[in-house]
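Chain by chain, the residues run as shown.
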Amino acid sequence: STSVVLSEASVVSNAQSYIANLYASDGTSLIETRTVTNSQVPTGFLWSGLSPNTSYKFGFTAVGDGSNYVNSQISPLVAFTTPKAATSITLAFSSMTLTSNTPINITASITGYTNGKITFWSNGKRIAKCISMIVSTSTSTCSWKPATRGFSLVSATYTPNSSSYLGSSTSASTIIVRRIGQR
């Protein structure tokens, strides 16, 4: 979920508190209301639990004391769009020692949104059979048989299926050693 800080520049004198009204982007479908203090209106308050990359509208109603002052009309609605949410990837190898011409599993753990595609890379080249793999859980595994020895920069790029989330990438440096023994 996403959080935003909402505020209003003007305040109503004699208001006891305020009601913040959150609407869908159409400005008529009320989603939620929250009571906020007078000091929070001009300085802002945090509204959490919103959907990423979603348009909303909000306005304030000044709450009167119930005897001398009545509640105000809602202020003109202000439109805003929440930012896209982040995703992240971490990589883990099935063995601490990577040996040439020996299969190794590279597991990518994805957080933030787990429905999309992932591609694994070695030294800037896509790893065969690990290109645009469908991700539907929080992990994706690539089986790789490194053909060369020496330094390798293994990376993964993730593209979520939802436009509400940002893609992500990560890299890990490895050394691939010579295979010892019989094949």
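See the structure above.
Residues numbered from 1 in each chain as written. Predicted model: local features only at pLDDT ≥ 70, side-chain atom pairs only at ≥ 80, totals over all residues. Heavy atoms only, no water.

Trainee: What should I look at first to understand the pattern of salt bridges in this one?
Mentor: Here the idea is simple: oppositely charged side chains can pair when their charged atoms come close. This structure, assessed with the given rule, holds 1 salt bridge. Residue R34 pairs with E32 through a salt bridge whose shortest N-O separation is 3.0 Å. Of the residues examined, R34 reaches a relative accessible area of 27% and is grouped as partly exposed. Judged by its relative accessible area of 32%, E32 falls in the partly exposed class. (Salt bridge = Lys/Arg side-chain N within 4 Å of Asp/Glu carboxyl O. Buried < 20%, exposed > 50% of the residue type's maximum accessible area, 1.4 Å probe, protein only.)

Trainee: Would you mind showing me how to read the sheet that holds strand β7 (residues 88-93) here?
Mentor: Pairing between the strands of a sheet comes from backbone hydrogen bonds, and it takes one of two forms, parallel or antiparallel. If you trace the 3 strands from one edge of the open sheet to the other, you get β7-β9-β13, paired in antiparallel fashion. One side of each edge strand has no neighbouring strand; the edge strands of this open sheet are β7 and β13 (139-144). Averaged over all pairs of adjacent strands, the angle between their axes in this sheet comes to 20°, without regard to strand direction. Strand direction decides the pairing type here: β7 and strand β9 (residues 104-111), joined by 6 bridges, are antiparallel. The partner of I89 across the bridge, within β9, is I110. (Pairing = 2+ DSSP bridges. Helix = DSSP H or I, 4+ residues; strand = E, 2+ residues; numbered from the N terminus. Axes fitted to C-alpha atoms, helices over the stretch in contact; angles between N-to-C directions.)

Trainee: Can you help me understand the packing of aromatic side chains in this one?
Mentor: The geometry of an aromatic ring pair is captured by two quantities: the separation of the ring centres and the angle between the planes. For the structure shown, the criterion picks out 7 aromatic pairs. Geometrically, the ring pair formed by F45 and W47 is tilted, given 5.9 Å between the ring centres and 45° between the ring planes. Each of the two residues, F45 as well as W47, counts as buried. With a centroid separation of 5.6 Å and 85° between ring planes, the pair formed by F58 and F60 is classed as edge-to-face. Neither residue differs from the other here; F58 and F60 are each classed as buried. Put simply, the rings of Y18, F45, W47, Y56, F58, F60 and F80 touch in pairs and so form one group of aromatic residues. (Phe/Tyr/Trp six-rings, centres within 6.5 Å; stacked < 30°, edge-to-face > 60°.)

Trainee: Can you walk me through the pairing of strand β10 (residues 116-122) in this structure?
Mentor: Regular strands show a simple pattern: their side chains alternate between the two faces of the sheet. For β10, the tally of buried residues reaches 5 of 7 residues, placing the bulk of the element in the interior. Pairing between β10 and strand β12 (residues 133-135): 3 bridges, direction antiparallel. Bridge pairing in β12 places G116 opposite V135. Direction of pairing for β10 relative to strand β14 (residues 150-160): antiparallel, over a ladder of 7 bridges.

Trainee: Honestly, the pairing of strand β2 (residues 17-24) in this entry has me stumped. Any pointers?
Mentor: Burial analysis of β2 places 6 of its 8 residues in the buried class, which makes it a mostly covered element. Pairing analysis gives 8 bridges linking β2 to strand β5 (residues 55-63), with the strands arranged antiparallel. Its bridge partner being in β5, L22 is matched across the sheet by F58. In terms of strand pairing, β2 meets strand β3 (residues 30-36) through 6 bridges, oriented antiparallel. Opposite A20, over in β3, you have R34 as the bridge partner. Adjacent in sequence and paired antiparallel, β2 and β3 are bridged by 5 residues, among which G27 carries a positive phi angle near 75°.

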